[in-house]
Amino acid sequence: MFKKIAIFIFFSFEVFAKPLIFGLNPYLPSNQIEKLHEKLRLHLETKLQTPVILTTSKNYKEQIELLETGKIDIAAMSPNLYYEARQMKKPFIYLATVTKNDNYKNPKPGYKGVIFTLKGSGIKTFEDLKGKRFGFTDRASTSGYVCPRNAMLKHGIDPDKDLGYSFLLKKHSKILSALLQNSIDAGATYDRVLQEAILIYGDVFHLLYETPLLPYEAYVVSNKMDKQLLEKIREALLNFEDSDAIGEAPARFEVIEESLYDQLCI
Amino acid sequence: MGLHVKVILTAILPFLLAFFIGAMNINTFFKTQQASLYKNIDLKSKIVYERVEDHINIMKIMVNNFANSNENLSAVFLKDNDHLFKIIKNYLTPFIQKSFVLSADGLVLARGHDEYFFGDFFKTIPTEKNELFGIYDVEGKDSFVYGKKLYYKSQYVGSIFLLIPITKELLQDFAKDGDSVLTYSSATTTYPLSSKLIDDTVLKNYKLNLHLDSSSLQNIDFDLTFYASEEIIDLMKIGKQIYLPLLFAFLIIPFVVFGVLFFHLKPYTSLIDLLKKFSQKEISLKELYTQCKKFSYQKHHEIKNISRALEGMIEATEKSLDELERISITDTLTRVYNRFKMEKVLTREIKKSLRKQTIFSVIILDIDFFKSINDTYGHMIGDKVLKQVAQKIQANIRDTDWVGRWGGEEFMIVCEHTNEQEAYLLADKMRKIINSEKIEETNVTVSLGVSQYNQNDTNWDQVVTRADDALYIAKNSGRDSVKIFRSQNV
């Protein structure tokens, strides 16, 4: 399907136009992620008059390598990954930050990381996490790994020593499934996963911790990109508006202070 | 040796020979088939064993592939459930239905067959061995388990296990050639549950030795049982049953052959007996003929033709004999009885008279001057005279009288139940008839002598002599006369 779309798009525009490869952050299964970004892809294609191909990286950190090596042209980096890239002084240029709507199509400026468990698990404080099975997502995930670890450390829990077992489950949705299956005792994800879980399963969850508001993914390009094209892309992003978007689908873009990404989970 | 015995032996000996050759051939055929069957079974048992080994080898290859990947080992170390699940999920096949990765202390890091179920402890399989193959009760099912310890940067980080649950379908797949059943039994499980195993169609039984780890479940048995197919069962039945009908036929056929031959040959035997009796003169030709007639009524039997032929032969023989007899008792010239016959008649009359006290008389007739007829007219005329005299006598005697040529020109008439007076009258009547007309233009006269049987006569010579004496008197008294012998005449 992916190939068909790519070929179709390729021949829809200039025969020899080089397609833009758009690398997505794998916080959900790739098919879900790519479906959520389809409107944006079409918007970019129209605005840039260039085929745009979506691809989801195997893990969060792979995006840095893919962008560096030119295998992707644009990367939607998780806040923490962009923070790490900045720390590593990677030659990337920030374009914009995506913003999303809540389930009622109201603009939602950011999201929160959460640590949650099931009611009746006996876990009510960070102290109770000691010796328990804990589910993280990806090691580069802001809400699924970095923030919850920071929170634990702040609350006197060393995740590497005090937790009984810590699993890497990669996908945020899998944290919920594993918790419901009793494969883990507690897990870290972002607020929307918990909100949707409550809608489906009811008030069976216990929120142990939530982070301050976090900015959404940062859309970045390599500094090797043609400046004219870079500006065209930024302009196209900022022109994007999907007022019907709900959940994880991009609704619009804005340019924020990059330094905001340096103050995550504080 | 009788005909029956010969025929029966001729019929039975080839049958007996065919029976033994047939039985030997059948026996050889069954032995060859049996040897081929068992060879085939041995081969099939090896194939089944190889199938089991192939499955185990596939598990080994997969486990080793996993253990040789640094990425996988790192994922075990990091407890990266997502990565581990994706990898070991791909190891599942229709047979390898479960895959596990455990941490060093036995915590399930990922299940290939259940994405969201992990984080529990796995205690039924020992984790202390570097490599392990055995049968264990895993999650309530006896399963083949192959596993290996995993080391990341020389540190023991966990284990991987692949499982093939032992199911009825698995056992059926191992022994899928149709004529064998692989059964598995342990303390808690037995497959298949059906009791098809207990019957007499079992050809051979093998026990599969799989070199399981000592920590495996105990008292485990894999029995590979080969059953006879329907064709083989039928063949075995034929093998067991074929001799009985053959033996039965061998016993019955001689009796049947004997019976058929006996009843068929019985008329021949009777005919042979009849001919034997005839040859021993126990029966006459006439009786033989009468008896033969009976065989002519046999329908659809060759004896009918034989008896008809015999009848024809007897009829021809009788005809010849009659003719011979007629010739032997008839005078060839005059066609009346000859002397030989007349002597027999006289002998018989003597015996009859002696026995029944009856009487008879003898007339001797002599043609007068017959020599001069011959001399005068020739023998041809003489013969004609003799013939015509004989015809006249023959024509004028009574039914009970016997006439014959006694010699030369002499004829004799034997008159039964006739006294001399009555005989005289007859003699005189003859004389007159012969004299009454010419014979060959010649006047022929005859002289006749009459004599009656006397109770003192013991043989015919006596009565004939007296008649002859009376004829002599008639000749001497002028011929053309009749004389009765009386004692006063002599």
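Computed from a predicted structure; not experimentally measured.

Caption draft 1: Here's a closer look at the overall build of chain B. Scanning chain B for helices and strands turns up 13 helices and 14 strands. In terms of overall size, chain B is more extended than a compact globule, its C-alpha atoms giving a radius of gyration of 63 Å where 490 residues would be expected to give roughly 23 Å. Referenced to the eigenvectors of the C-alpha coordinate spread, the extents of chain B come out at roughly 185 × 45 × 30 Å. A buried classification covers 44% of the 490 residues belonging to chain B. By sequence separation, contacts in chain B at least 24 residues apart represent 62% of the contacts at least 6 residues apart. Of the roughly 26,800 Å² of accessible surface on chain B, 56% is carried by carbon and sulfur atoms. Each charge class in chain B can be summarised by its mean position, and for the 61 positive and 61 negative side chains these summaries are 5 Å apart.

Caption draft 2: Summary view of the pattern of salt bridges. Within this structure, the stated rule accounts for 47 salt bridges over all chains. Where Lys170(A) meets Asp80(B), a salt bridge forms, and the shortest distance between an N and an O atom there is 2.8 Å. Here Lys170(A), found in the loop between β8 (165-168) and α7 (172-180), pairs with Asp80(B), found in the loop between α2 (70-78) and α3 (81-89), and the two come from separate chains. Like Lys170(A), the residue Asp80(B) is buried in the burial classification. Here the salt bridges do not stand alone but share partners, grouping Lys171(A), Lys174(A), Asp82(B), Lys86(B) and Glu115(B) into one network.

Caption draft 3: Quick peek at the sheet that holds strand β6 (residues 180-185) of chain B. Residues and elements named next belong to chain B. As summarised here, the arrangement of the 4 strands in space is β7-β6-β9-β8, forming an open sheet in which the pairing is antiparallel. In this open sheet, the two edge strands, each paired with only one partner strand, are β7 (190-191) and β8 (202-207). By the bridge criterion, 5 bridges tie β8 to strand β9 (residues 221-227) in an arrangement that is antiparallel. Along β9, the bridge assignment pairs lysine 207 with aspartate 223.

Caption draft 4: Just the sheet that holds strand β12 (residues 410-416) of chain B, in detail. Residues and elements named next belong to chain B. Taken in spatial order, the 5 strands line up as β11-β12-β10-β13-β14 in an open sheet, and their pairing is mixed. Whereas interior strands pair on both sides, the edge strands pair on one side only; in this sheet they are β11 (401-407) and β14 (482-484). Taken over all neighbouring pairs, the strand axes of this sheet differ in orientation by 20° on average, direction set aside. For β11 and β12, the ladder comprises 6 bridges, and the chain directions are antiparallel. Directly across from glycine 404, in β12, lies its bridge partner methionine 412. Packed onto the sheet, helix α9 (residues 339-356) meets β10 (360-367), β11 and β12 and runs at close to 130° relative to β11. Against the sheet, helix α12 (residues 420-436) contacts β10, β11, β12, β13 (446-452) and β14, and its axis sits at roughly 170° relative to β13.

Caption draft 5: Spatial organisation of helix α3 (residues 38-48) of chain A. Looking at α3(A), one finds that the buried residues are Leu40(A), Arg41(A), His43(A), Leu44(A), Glu45(A) and Leu48(A). The positive-phi residue at the C-terminal boundary of α3(A) is Gln49(A), with phi of around 55°.

Caption draft 6: Structural detail: the interface of chain A and chain B. At the interface, 16 residues of chain A touch 20 residues of chain B. The largest contributions to the chain A side of the interface with chain B come from Tyr165(A), Phe167(A) and Lys174(A), which together make up 39% of the buried area. Here chain A and chain B share 4 salt bridges between them. Connecting chain A to chain B are 9 residue pairs in polar contact (both at pLDDT 80 or more). Among the secondary structure elements, those contributing two or more residues to the side of chain A that touches chain B are β8 and α7 of chain A. Sort the elements by how many residues they give to the side of chain A that touches chain B and β8(A) lands first, with 4 residues. Of the residues contributing to the side of chain A that touches chain B, the split by class is 6 nonpolar, 5 polar and 5 charged.

Caption draft 7: Structural view of α9(B). Residues and elements named next belong to chain B. The end-to-end C-alpha distance of α9 is 25 Å, a good match for the 26 Å that 18 residues give at a rise of 1.5 Å each. For α9, the set of buried residues is Lys341, Met342, Val345, Leu346, Glu349, Ile350, Lys352 and Ser353. Against α8 (302-329), β10, β11, β12 and α13 (460-476) lie the buried residues of α9. With a side-chain oxygen lying 3.3 Å from the backbone nitrogen of phenylalanine 340, the N-terminal cap of α9 falls on asparagine 338.

Caption draft 8: Seen up close, the pairing of strand β3 (residues 131-138) of chain B. Residues and elements named next belong to chain B. Of all the 8 residues making up β3, 6 are buried; the element is thus mostly covered by neighbouring parts of the structure. Where β3 meets strand β4 (residues 141-152), 8 bridges bridge the pair, whose relative direction is antiparallel. Looking across to β4, one finds that valine 138 is bridged to lysine 141. Following β3, the chain reverses through 2 residues before pairing antiparallel with β4; glutamate 139 in that reversal takes a positive phi of roughly 50°.

Caption draft 9: Spotlight on the domain arrangement of chain A. All names here are of chain A. Segmenting chain A into domains produces domain 1 (2-106 + 216-256) and domain 2 (113-210). On a C-alpha basis, the centres of domain 1 and domain 2 stand 29 Å from each other. In this assembly, 18 residues from domain 1 lie in contact with 14 residues from domain 2. The largest per-residue losses of area from domain 1 upon contact with domain 2 belong to Tyr60, Asn80 and Asn103, which jointly make up 39% of the total buried on that side. Here domain 1 and domain 2 share 1 salt bridge between them. The salt bridge involving glutamate 248 is made with arginine 192; its shortest N-O contact spans 2.8 Å. Between the two partners, domain 1 and domain 2, sit 9 residue pairs in polar contact (both at pLDDT 80 or more). Breaking the side of domain 1 that touches domain 2 down by element, the ones donating at least two residues are α5 (79-87) and β4 (92-101). For the side of domain 1 that touches domain 2, the element with the highest residue contribution is α5, accounting for 3 residues.

Caption draft 10: Quick look at the packing of aromatic side chains. Here the structure, examined in full by the defined rule, presents 31 aromatic pairs over all chains. Ring centres 4.6 Å apart and planes at 50° place the aromatic pair Phe134(A) and Phe136(A) in the tilted group. The burial state of Phe134(A) is the same as that of Phe136(A); both residues are buried. Aromatic rings pair up to connect Phe133(B), Phe144(B), Phe174(B), Tyr184(B) and Phe222(B) into one cluster.

Caption draft 11: Geometry of a nonpolar patch on the surface. Together, Leu247(B), Phe248(B), Leu251(B), Ile252(B), Val256(B) and Val260(B) make up an exposed nonpolar region whose accessible area comes to about 550 Å². Relative accessible area serves as the criterion here: at 40%, Leu247(B) is assigned to the partly exposed category.

Caption draft 12: Fine view of the environment of Asp82(B). Structurally, the position occupied by Asp82(B) is in helix α3. Exposure remark for Asp82(B): the relative accessible area of 4% places this residue in the buried category. A sequence separation of 27 residues divides Asp82(B) from Leu109(B), and the C-alpha atoms of the two residues are 9.5 Å apart. Each residue touching Asp82(B), except ones within four places of it in the same chain, is listed here: Leu168(A), Leu169(A), Lys170(A), Lys171(A) and Lys174(A).

Rules used throughout
Residues numbered from 1 in each chain as written. Chains lettered and ligands numbered in written order. Predicted model: local features only at pLDDT ≥ 70, side-chain atom pairs only at ≥ 80, totals over all residues. Heavy atoms only, no water. Helix = DSSP H or I, 4+ residues; strand = E, 2+ residues; numbered from the N terminus. Rg over C-alpha atoms; globule rule 2.2 N^0.38 Å. Buried < 20%, exposed > 50% of the residue type's maximum accessible area, 1.4 Å probe, protein only. Contact = heavy atoms within 4.5 Å. Areas by Shrake-Rupley, 256 points an atom, 1.4 Å probe, with all protein chains shown as cover. Lys, Arg positive; Asp, Glu negative; His and termini not counted. Charge placed at Lys NZ, Arg CZ, Asp CG, Glu CD. Salt bridge = Lys/Arg side-chain N within 4 Å of Asp/Glu carboxyl O. Pairing = 2+ DSSP bridges. Axes fitted to C-alpha atoms, helices over the stretch in contact; angles between N-to-C directions. Buried area = accessible area lost by both parts, 1.4 Å probe. Polar contact = N/O pair within 3.5 Å; in protein donor to acceptor, adjacent residues only side chain to side chain. Nonpolar A, V, L, I, M, F, W, Y, C, P; charged D, E, K, R; others polar. Expected span 1.5 Å × (residues − 1). Domains from an automatic or database assignment. Phe/Tyr/Trp six-rings, centres within 6.5 Å; stacked < 30°, edge-to-face > 60°. Patch = residues over 30% accessible without salt bridge, like charges linked within 9 Å, V, L, I, M, F, W, Y side chains within 5 Å.

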